[in-house]
Amino acid sequence: EFITHGIASINEGLGILSEFAIYNKTIVQISLSASNQTLLIFLEQEFVGYLIFGPREDYLYIHSMAIKPKYQRKNLGLRLFQNLIYIALSRDIRKIMLHVNAYNYPAVNFFDNLKNKIEQIREVNRFKYVHDLYTANEGVEIQFEYYLTKTDNSYLATMPTTDDLSKSSAQS
């Protein structure tokens, strides 16, 4: 319940500039799915960000990622993504995929620039497409596909996931 409340408060705090506030219930439900995991960021005991991901056939899929506005541009999103890469490589998975609303310019810019910041990203494919089910603005998405490679720096210390937290509370 703590995690659900934290995710909801971050999404609501993002306001009208983000689709997160609108789809808050769906995002929270995705985070609770047994097949998905959530990476969390805390600063001084404050829950400030998350990344929800799940396995697919041969890759990890990012369902949702958000950082509280006052903590954005402090490399916390980069840290989340680096930890997801660590998890992928430790599972011998070499691909991460996600979709971003094409009009969410800060997110598109963030995902466009990851290859320049993370050496384990070998290649990025980027596709733009329009969904028939939506209006033109809401239905335009960009699909990012990141192909990974192990490097000498693939030792990143991973953050706890929701699975880790539930295991530790079950043992207590």
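Here the structure is a predicted model, which means the values were calculated and not measured.

The end-to-end C-alpha separation of helix 4 (residues 76–90) is 21 Å, in line with the 21 Å expected for 15 residues at 1.5 Å each. Among the 15 residues that make up helix 4, 11 are buried, leaving the element largely enclosed by the rest of the structure. Listed as buried for helix 4 are Leu76, Gly77, Leu78, Leu80, Phe81, Asn83, Leu84, Ile85, Ile87, Ala88 and Leu89.

Backbone geometry at Gln45 places phi at a positive 65°, although glycine is not the residue there. Position of Gln45 among the secondary structure elements: in the loop between strand 1 (37–43) and strand 2 (46–55). Positioned with a positive phi, Asn75 is a non-glycine residue whose angle comes to about 65°.

One finds Phe81, Ile96, Phe111 and Tyr146 to be the most contacted residues of the largest nonpolar core, which totals 35 residues. Of all the secondary structure elements, the ones that give two or more residues to this core are strand 1, strand 2, strand 3 (60–67), helix 4, strand 4 (95–101), helix 5 (105–117) and strand 6 (140–148). For this core, the leading source of residues is helix 4, giving nine residues. Counting residues in each nonpolar core, the second largest holds five residues, with Leu40, Phe47, Tyr50 and Ile52 among its members.

Right, let's talk about the packing of aromatic side chains for a bit. The tally for this structure, following the rule as stated, stands at seven aromatic pairs. A ring pair is formed by Phe111 and Phe144, whose centres lie 5.8 Å apart and whose planes are at 40°; its orientation type is tilted. One end of the pair, Phe111, is in helix 5; the other, Phe144, is in strand 6, and 33 residues separate them in sequence.

With seven of eight residues buried, strand 3 is to be regarded as a mostly interior element. Pairing of strand 2 with strand 3 involves seven bridges; the strand directions are antiparallel. Residue pairing across strands places Gly54 opposite Tyr61, the latter belonging to strand 3. The hairpin turn running from strand 2 into strand 3, its antiparallel successor, is four residues long.

Taking 1.5 Å per residue, 13 residues should reach 18 Å; helix 5 reaches 18 Å between its end C-alpha atoms and fits that length. Listed in full, the buried residues belonging to helix 5 are Ala107, Val108, Phe111 and Leu114. Among the structural elements, strand 3, helix 4, strand 4, strand 5 (121–130) and strand 6 are those in contact with the buried residues of helix 5.

So, how was this worked out
Residues numbered from 1 in each chain as written. Predicted model: local features only at pLDDT ≥ 70, side-chain atom pairs only at ≥ 80, totals over all residues. Heavy atoms only, no water. Helix = DSSP H or I, 4+ residues; strand = E, 2+ residues; numbered from the N terminus. Expected span 1.5 Å × (residues − 1). Buried < 20%, exposed > 50% of the residue type's maximum accessible area, 1.4 Å probe, protein only. Core = buried A, V, L, I, M, F, W, Y, C linked by side-chain atoms within 4.5 Å. Phe/Tyr/Trp six-rings, centres within 6.5 Å; stacked < 30°, edge-to-face > 60°. Pairing = 2+ DSSP bridges. Contact = heavy atoms within 4.5 Å.

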